[in-house]
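In case you want the letters, here they are:
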Amino acid sequence: CSSDLINTRKIMRDYLLDLVEHTHGLGCIDAVKITGTDEKTSIDGMEEGGRSVIVQGNFATPITDFIGTFGMPNLSNLKTLLNISEYREDAKITINTQDRNGEKNVPVGLHFENKSGDFKNDYRFMVSEIVSEKLKTVKFKGANWNVEFEPTVASIQRLRMQSQANPDAETFQCKTEDGNLVFYFGDHSTHAGNFVFHSDIVGTLKKEWHWPVKHIINILNLAGDKVIRISDDGATEISVNSGLATYNYILPARSNA
C-alpha cells in the first residue's frame, strides 16, 4: 500500500472513532443520522426513548465517502469493530455502496478488512427511507443565551466531586450570584451542596430550571474544547470541538427535580 492509502484508511478510522466517542460515549445514544453533501457532513442523534439530549454536529471537513442520507445504528457494535486489534494497524475500512431508487453509489455500510485480508466484517447502515422514520431530526431553532463561557478543567472536576457528594441528585440548579455561576445540588430537607462553577460570569439567570447531572457530566468528560451556553428559556447547549468535528449537545431544562 502507498503511504497516502494507509493515511486515508487511518483518517477514516479516526473519523469513526471520534463519532462513536461523541455520541455513543454519552451512554444514551446508539444510533445517528448522517447527512452528507459535497459541502458538509452532518450528524444528528438523540437520547433513546426521549429527548433529554439532542446532538447535532458537523465534521470540520466533508467526508467524501459519506454522500447521501443514511443511519448508523448499533453504535456499540461499530465501537467493538473499531477496537478489534485486527483493525488497529493498516486496516482497510471502505464504504459499501449500491444503486438504489435511481441513485448511484448510495452508502449502505462499512467493510472492515485487516492488513493481510484474512479477517473481515461488514457493518450495515440504515437506509434513508428507514432513517427518516426511525431517527427524526429535531430542528432546534436556537435560544437567547443569557450566559456563555468556556468551562475550566478544574470546574469540571469540582462538578464531578459535588455529584459524588450528592449521589441521589439526578438534577441540579444553576444561578448567577455576584458575578458567579453557582450550581446547587439537593435540597435542605435532605443532603445538599453548592459550589461556584465559573467566576466572572457575564449575564444573569433568573429562572430556577433543573438540569440533568449525568448527561452534563458525560458531555463535559468528552475530549475537546468546550463552550457552555445557558438560556432562561429553558435550554442548555454544550459545544465540543474535537478537532475533527464540532458537536452541539442541546439539553432541555426540567421545571422541577
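Quantities reported herein were computed from a predicted structural model and do not represent experimental measurements. (Residues numbered from 1 in each chain as written. Predicted model: local features only at pLDDT ≥ 70, side-chain atom pairs only at ≥ 80, totals over all residues. Heavy atoms only, no water.)

What about the sheet that holds strand β4 (residues 68-72)?
Here is the rule we go by: Strand pairing is assigned whenever DSSP detects at least two bridges linking the two strands. Under the DSSP-based scheme used, a helix requires at least four consecutive residues in state H or I and a strand at least two consecutive residues in state E, with every element numbered from the N terminus. Note on definitions: angles span 0 to 180 degrees between N-to-C directions of axes, and those axes are lines fitted to C-alpha atoms, for helices only across the stretch in contact.
What the eight strands build is an open sheet, ordered β4-β1-β2-β3-β15-β14-β13-β8; its pairing is antiparallel. With one partner strand each, in any of the chains shown, β4 and β8 (147-149) form the two edges of the open sheet. Within the sheet, the average angular offset between the axes of one strand and its neighbour, ignoring direction, is 15°. The sheet contact formed by strand β2 (residues 41-46) and strand β3 (residues 54-59) spans five bridges and is antiparallel. Directly across from S42, in β3, lies its bridge partner N58.

Some points on helix α5 (residues 213-220)
The following threshold applies: Exposure is judged per residue with a 1.4 Å probe applied to protein chains only, and the accessible area is read against the type maximum: over 50% gives exposed, under 20% gives buried, and values in between give partly exposed.
Along α5, six of the eight residues are buried, which leaves the element largely enclosed by surrounding structure. Among the residues of α5, those classed as buried are V213, H215, I216, I217, I219 and L220.

Structural notes on the packing of aromatic side chains
Short version of the rule: Only Phe, Tyr and Trp rings take part, Trp by its six-membered ring, and two of them pair if their centres are within 6.5 Å. Stacked means planes under 30 degrees apart, edge-to-face means over 60, and tilted covers everything else. Over a ring means this: the NZ of a Lys or the CZ of an Arg is within 6 Å of the ring centre and within 35 degrees of the ring normal.
Tallied over the full model, the rule gives 14 aromatic pairs. On the numbers, 6.0 Å between centres and 80° between planes, the contact of Y123 with F125 is edge-to-face. Residue classification places F125 among the buried residues on the basis of a relative accessible area of 5%. Ring plane angle 75° and centroid distance 6.1 Å describe the contact between F195 and F197, whose orientation is recorded as edge-to-face. F197 matches F195 in its accessibility class, with the two residues each being buried. One aromatic cluster is present, formed by F149, F172, F183, F185, F195 and F197 through successive ring pairs. If you follow K175 out to its NZ or CZ, it ends over the ring of Y184, 4.8 Å from the centre.

Description of the side chain of S163
As a reminder of what qualifies: Only heavy atoms enter the contact rule, under which two residues are in contact if any of them lie within 4.5 Å.
Locating S163 in the fold gives a position in helix α4 (residues 153-165). Among the residues examined, S163 registers a relative accessible area of 18% and is labelled buried. Setting aside residues up to four positions removed in sequence, S163 forms contacts with F185, V213 and I217.

Notes on the confidence of the model for the protein
As a reminder, the rule being used: Residue-level confidence of the predictor is summarised by pLDDT, bounded by 0 at the bottom and 100 at the top.
On average, the protein scores 90 in pLDDT, and the residues at 70 or more come to 92%. Between residues 1-8, whose pLDDT stays under 50, and residues either more than four places distant or in other chains, the model counts three contacts.

Quick look at the environment of F112
Inspection of the secondary structure puts F112 in strand β6 (residues 103-113). For the pair formed by F112 and L82, sequence separation is 30 residues and the distance between their alpha carbons is 8.8 Å. Once you skip the residues sitting within four places of it in the chain, F112 turns out to touch L78, L81, L82, Y87, K92, I93, F119, K120, N121 and Y123.

Quick notes on the sheet that holds strand β9 (residues 171-177)
Strand order in this open sheet of four strands is β11-β10-β9-β12, and the pairing throughout is antiparallel. In this open sheet, the two edge strands, each paired with only one partner strand, are β11 (192-198) and β12 (210-212). On average, each strand axis in the sheet is inclined to that of its neighbour by 35°, with strand direction left out of account. Pairing analysis gives six bridges linking strand β10 (residues 180-186) to β11, with the strands arranged antiparallel. By the bridge assignment for β11, G186 is matched with A192.

Considering the pattern of salt bridges
Operational definition: Any Lys or Arg side-chain nitrogen found within 4 Å of a carboxyl oxygen on Asp or Glu counts as a salt bridge.
One pass over the structure, following the stated rule, counts five salt bridges. For the salt bridge of R229 with E148, the shortest nitrogen-to-oxygen distance reads 3.5 Å. With R229 in strand β13 (residues 225-231) and E148 in strand β8, this residue pair connects regions lying 81 residues apart in the sequence. Classification of R229 as buried rests on a relative accessible area of 16%. Among the residues examined, E148 registers a relative accessible area of 46% and is labelled partly exposed. Between E208 and K175 there is a salt bridge, with its nearest N and O atoms 3.7 Å apart. With a gap of 33 residues between them, E208 in the loop between β11 and β12 and K175 in strand β9 connect regions that are remote in the sequence.

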